[in-house]
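Here is how the chains run, residue by residue.
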Amino acid sequence: MKRLLNTLYVTTQGSYINREGTTLVVSLDGEVRLQVPAHTLQSIACFGRVMMSPPALHLCAEHRVGVSFFSEHGRLLARAVGPTTGNVLLRRAQYRAYDEPATAQAIVYPIVLAKLLNCRRVLQRALVMDAYASRHAQLAAAEAKLRQIIEQIHPNHAVEELRGFEGEAATHYFESMNALVLENPSTFFMRQRNRRPPRDPLNALLSFLYALLAHDYASALDGVGLDPAVGFLHRIRPGRPSLALDLMEELRPVLADRLALTLINRRQVLPEGFVTTENGAVY
């Protein structure tokens, strides 16, 4: 079994990553901030104005450390990986499965079901907490709608039908998101889920966390020889890690969404941490 290693996130603007022997050194204004052996990493995520030397990239390629470059706000710009590894027959089977409706359906069904169950679990958890007592009716209504959709889903549904169930459930789930925010509700408030660009701080925070999760999944898929771009629930298009997005769906509610709510409700993320641009985008 492959042991997944660490991801190094470099978010400080002006950071520079270079190579020293078999280690990667992160420095800022000439001062070393971190030095880590390359073999202990699985991937590196660079956000914004972060530079990396060619020798450092070579070291990452040698050790199969995937490097992703994002905008400062979390939009994927490029990925650098070493030579493709893994069994070519595995990727061939993946491409064939994409073109076989029955196989794609068998893959999509558990992904959608698991996501909806975890969305419902987030709401159920809130329903038993005293802090949400005043919002019990709203959360209970959303939980009931998710339960009804889950009961309708069947393995024989086509992929398009499963996408429809997932979309309907996501609408009810995100409509209840405001009821889960206890601190600074006037700032952390969404009218609907939006992205590219996000239009409010809550959507901005969720999008940023989803970008981190997608990066880790894409790196893990590369590591086992699968093609991150060929997914089944998310339609394929150039530059989109569709399979990574597929596999992270079930973990969005319990990892990213709950983390976002925890950061907000513990006041570890505050309104001052967000900037609104002239076109209304929030970062």
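Residues numbered from 1 in each chain as written. Predicted model: local features only at pLDDT ≥ 70, side-chain atom pairs only at ≥ 80, totals over all residues. Heavy atoms only, no water.

(A) The arrangement of the pairing of strand S3 (residues 23–28) in detail. The element S3 is largely enclosed, with a buried count of six among its six residues. Taken together, the five bridges between strand S2 (residues 16–20) and S3 define a ladder with antiparallel strand orientation. Bridge pairing in S3 places isoleucine 17 opposite valine 26. Connecting S2 to the antiparallel partner S3 that follows it, the hairpin turn spans two residues, and glycine 21 within it adopts a positive phi of roughly 65°. (Buried < 20%, exposed > 50% of the residue type's maximum accessible area, 1.4 Å probe, protein only. Helix = DSSP H or I, 4+ residues; strand = E, 2+ residues; numbered from the N terminus. Pairing = 2+ DSSP bridges.)

(B) Spatial organisation of the sheet that holds strand S8 (residues 76–80). Spatial strand order, S1-S5-S7-S8: four strands in an open sheet with mixed pairing. At either margin of the open sheet sits one strand with a lone partner, and together these are strand S1 (6–10) and S8. Here the strands of the sheet are splayed against their neighbours by 15° on average, with no regard to which way each runs. Sheet contacts for helix H6 (residues 201–224): S1, strand S5 (41–47), strand S7 (66–70) and S8; angle to S5, the most-contacted strand, approximately 145°. (Axes fitted to C-alpha atoms, helices over the stretch in contact; angles between N-to-C directions. Contact = heavy atoms within 4.5 Å.)

(C) Highlighting the state of the cysteines. Under the definition given, this model contains zero disulfides. Cysteine cysteine 46 remains unbridged, with the sulfur of cysteine 60 as its closest cysteine sulfur at 8.4 Å. (Disulfide = S-S within 2.5 Å.)

(D) Structural view of H6. Taking 1.5 Å per residue, 24 residues should reach 34 Å; H6 reaches 35 Å between its end C-alpha atoms and fits that length. Of all 24 residues in H6, 20 are buried, a share of seventy percent or more. At the N-terminal end of H6, a side-chain oxygen is found 3.2 Å from the backbone nitrogen of leucine 202, two or three residues along, and the residue is aspartate 200. In the stretch just after H6, glycine 225 is the one whose phi turns positive, near 90°. (Expected span 1.5 Å × (residues − 1). Polar contact = N/O pair within 3.5 Å; in protein donor to acceptor, adjacent residues only side chain to side chain.)

(E) Broad picture of the pattern of salt bridges. As enumerated under the stated definition, the model contains ten salt bridges in all. Glutamate 160 is paired through a salt bridge with arginine 163; the nearest N and O atoms lie 2.6 Å apart. Of this pair, glutamate 160 and arginine 163 both sit in helix H5 (residues 159–175), three residues apart, roughly one helical turn. A salt bridge links arginine 267 to glutamate 183, with the nearest nitrogen and oxygen atoms 3.3 Å apart. One end of the pair, arginine 267, is in the segment after helix H8 (252–265); the other, glutamate 183, is in the loop between H5 and H6, with 84 residues separating them in the sequence. On the accessibility criterion, arginine 267 (44% relative accessible area) is partly exposed. (Salt bridge = Lys/Arg side-chain N within 4 Å of Asp/Glu carboxyl O.)

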